[in-house]
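One letter stands for each residue in the lines below.
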Amino acid sequence: MRQDLKDRFQQMAQVELPRLRRFAYTMCEDWHRADDYVQGALERMYVAWPRVHGIAYPGAYLRAILVRQMLNEWRRPWRREHSTDELPEAGYETTGDADLGLDLARALSGLSTRQRAAVVLRYVEDRPVAEVAQIMGAAPGTVKRHCSDGVVRLRHILGENFIDDRLGDLRGSSSGGRPVSELDLDEIGRGVR
Amino acid sequence: MNAEPTPLSERLKQLDAVTQAQGMPAFDLDAAVRGGERRQQRRSIAGTAAATVGAGLVAAALFAGGAHWNAFWDVDSDPAPSAVPVDLVYAQRGDSVTVSRGRDPLARVTVTSAAIDAEGHGTVAMRVESDAGFVIQLSDFIWAGESLDRLTAATSMTVDGSQTINWTYDGVSEGELAWVRPGTDRLAGVWSVGAGDSGAVGAVAADRSWYLQVGSAVTVYEGVEPQARMTVSSVAVGRTVGAAHVSVTAHDRYELRADDFVWAEESGPQHAPLADDWRSLSVRDDAVNTGDLRFAGVGEGYLLWAPDGRETAGVWLSPAVAG
């Protein structure tokens, strides 16, 4: 790869890395595994970089690689996700404080992988439904369902004392945020749904 | 007194801030760059190995010596019409495939383990039970991983009774072990393989996507169901221009993107297709769509298909440079 492209890749990665790592950690609750996924996503993007270095939102591209890689790998029989009704203990709902040791990954641990991805991308990273759908390689309606189901589960953990401030978007009134057409996310993910 | 309800997005961002405050372990970005370079290099290494074999090869190319083979396919290398009886029925249940002729069971084939060691060697153990002298061809088993699909030596074995067969592949990664029906590109069975040194083998999840190259065609599977099939029917190279003809078909819908193809020269440089041709071919409902790819300034090498950010899903040799 040309040195200028390589430099630009490293600059992009430096900028994206902190949030991308937190996103991966939130998905799997393990820093080692999270960093393995982040490294894999960066490596794949590096290979594609000569043809995708001009994309407007490399962070969305990286998340798409990462999410699809996670979902596809977790379809392995020895890694298969088993749904459970066991949620982390409740009791945090009355404080709203962040000093009880509950971080985002733990709060979301009762959600399925897809629900976690949808909730983080929508509520923490403020991405519009259509963009989340592109990242996850799913239909917008599916993303809305994952968010809705995830919020129901979150009420078991965080209690009832929050309002779903994305509900309007989930009902389809507005996607908000930047125009999805700028994402150019069709560079990735064919065949991985 | 109850506090005012917090917007969920705000609440979750507070929790995200907790993660931030806890700090993160160190991350070696340079290692990720080196990993990306290795992935690119593996393409080049693969190309060198493929090109040394030359064009016109009908079966598979020797790679890295020994008795282990890679699936570098020439466009003329589609499976030959089978001499094997076509009336065999293959039925997979769990880790076992039962082979029958009509109502008569001939054999039961069970992959009992498939492990990868630290050097990337994959070892498969398979139990074959038959009272009818069942002939099994090991080269019908393809290890489809992240990079090149792997074949093993064309060893034919006749099993009468019960026998455990072990064989190995070089340079494998976690993936699928596909048993391709002799003389076809259809599956007789498939197993998820390569859970490190544990040797664990399991059924392929119905929603897992994976790719398998047999001859000039790469099939995209979800679970055991073929979703799309991409075929390269010709690869040509002139003094400076490379060209390939591709076709794609899909049961449901599929989009084949031109920029998922790379022309990798034997000497290392890699080229994207010319942008003024087509950008993508969409196909659905078992229709077929075709397109030509052109690459400028290329030398002898090979055509790669690398969808989904993979290293490779398909590889085709170019013929020798004309003139």
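Per an unreviewed UniProt entry, chain B carries the name DUF4179 domain-containing protein and comes from Kineosporia mesophila.

Looking up chain A in an unreviewed UniProt entry gives the name SigE family RNA polymerase sigma factor, with the organism given as Kineosporia mesophila. Per UniProt, chain A carries the Sequence similarities (unreviewed entry) text "Belongs to the sigma-70 factor family. ECF subfamily."

Draft legend 1. Seen up close, the overall build of chain B. The helix and strand tally for chain B stands at two helices and 23 strands. Taking all 323 residues of chain B together, the buried fraction comes to 42%. Nonlocal contacts in chain B, meaning residues at least 24 apart in sequence, comprise 57% of its contacts between residues at least 6 apart.

Draft legend 2. Examining the UniProt feature "domain: RNA polymerase sigma factor 70 region 4 type" (unreviewed entry) in chain A more closely. The positions that UniProt labels "domain: RNA polymerase sigma factor 70 region 4 type" (unreviewed entry) are, in the present scheme, residues 103-150 of chain A. With 73% helix and 0% strand, residues 103-150 of chain A has its two end C-alpha atoms placed 16 Å apart.

Draft legend 3. Just the packing of helix 5 (residues 113-124) of chain A against helix 7 (residues 140-158) of chain A, in detail. Residue and element names in this part refer to chain A. Interhelical geometry of helix 5 versus helix 7 gives an angle of 95° and a closest axis separation of 8 Å. The orientation of helix 5 with respect to helix 7, classified from their angle, is roughly perpendicular. Contact residues: R114, Q115, A118, V119 and R122 in helix 5; V143, H146, C147, D149, G150 and R153 in helix 7. When the residues that make up the contact of helix 5 with helix 7 are grouped by side-chain class, the tally is four nonpolar, three polar and four charged.

Draft legend 4. Broad picture of unusual backbone geometry. All names here are of chain A. The backbone phi angle of E29 is positive, close to 60°, even though this residue is not glycine. Mapping E29 onto the fold places it in the loop between helix 1 (3-28) and helix 2 (31-52). Judged by local crowding, E29 falls into the partly exposed class, with 15 C-beta atoms found within 10 Å.

Draft legend 5. Looking closely at the interface of chain A and chain B. On the chain B side, the residues contacting the 47 residues of chain A number 47 residues. Within the residue set of the side of chain A that touches chain B, elements represented by two or more residues are helix 1, helix 2, helix 3 (58-73), helix 4 (104-107), helix 5, helix 7 and strand 1 (162-163) of chain A. Ranked by residues supplied to the side of chain A that touches chain B, first place goes to helix 2 of chain A with 10 residues. Looking at side-chain class alone, the side of chain A that touches chain B contains 24 nonpolar, eight polar and 15 charged residues. Sheet topology note: the strand 1 of chain A/strand 1 (residues 6-7) of chain B ladder contains two bridges and is parallel. Looking at the pairing, I163 of chain A lines up with P7 of chain B of strand 1 of chain B.

Draft legend 6. Local environment of the pairing of strand 8 (residues 141-144) of chain B. All names here are of chain B. Here strand 8 shows no split at all, with F141 and W143 on one side and I142 and A144 on the other all buried. Bridging between strand 8 and strand 11 (residues 175-180) involves four bridges; their strand directions are antiparallel. Bridge pairing in strand 11 places F141 opposite W179.

Draft legend 7. Spotlight on the environment of R44 of chain A. Residues and elements named next belong to chain A. Structurally, R44 can be placed in helix 2. Using a count of 25 C-beta atoms within 10 Å as the deciding quantity, one classes R44 as buried. Residues R44 and D30, spaced 14 residues apart in sequence, show a C-alpha to C-alpha distance of 21 Å.

Draft legend 8. Structural detail: helix 7 of chain A. Counted at 1.5 Å a residue, the expected span for helix 7 of chain A with its 19 residues is 27 Å, and the 26 Å between its end C-alpha atoms agrees. One or two residues past the end of helix 7 of chain A sits G159 of chain A, with phi positive at roughly 80°.

Draft legend 9. Spatial organisation of the environment of G110 of chain A. All names here are of chain A. Tracing the backbone shows G110 in the loop between helix 4 and helix 5. On the neighbour-count criterion, G110 (20 C-beta atoms within 10 Å) is buried. Spatially, the C-alpha atom of G110 lies 8.3 Å from that of I157, the residues being 47 residues apart in sequence.

Draft legend 10. Broad picture of the pairing of strand 22 (residues 301-305) of chain B. All names here are of chain B. Counting buried residues in strand 22 gives five out of five residues, a clear majority hidden from the surface. As defined by bridge partners, strand 22 adjoins strand 23 (residues 314-317) across four bridges and the pair is classed as antiparallel. Within strand 23, the residue paired with Y302 across the bridge is L317.

Draft legend 11. Seen up close, the sheet that holds strand 23 of chain B. Residues and elements named next belong to chain B. Taken in spatial order, the four strands of this open sheet run 19-18-22-23, and their pairing is antiparallel. One side of each edge strand has no neighbouring strand; the edge strands of this open sheet are strand 19 (270-271) and strand 23. Where strand 18 (residues 261-265) and strand 19 come together, two bridges link them in antiparallel fashion. Bridge assignment links W263 to a residue of strand 19, and that residue is H271.

What counts, and at which threshold
- Residues numbered from 1 in each chain as written.
- Chains lettered and ligands numbered in written order.
- Predicted model: local features only at pLDDT ≥ 70, side-chain atom pairs only at ≥ 80, totals over all residues.
- UniProt positions renumbered as here; feature names shortened; annotations may be inferred.
- Helix = DSSP H or I, 4+ residues; strand = E, 2+ residues; numbered from the N terminus.
- Buried ≥ 20, exposed ≤ 12 C-beta atoms within 10 Å, placed from the backbone.
- Contact = placed C-beta atoms within 7 Å.
- Axes fitted to C-alpha atoms, helices over the stretch in contact; angles between N-to-C directions.
- Parallel < 35°, antiparallel > 145°, perpendicular 65-115°, else oblique.
- Nonpolar A, V, L, I, M, F, W, Y, C, P; charged D, E, K, R; others polar.
- Pairing = 2+ DSSP bridges.
- Expected span 1.5 Å × (residues − 1).

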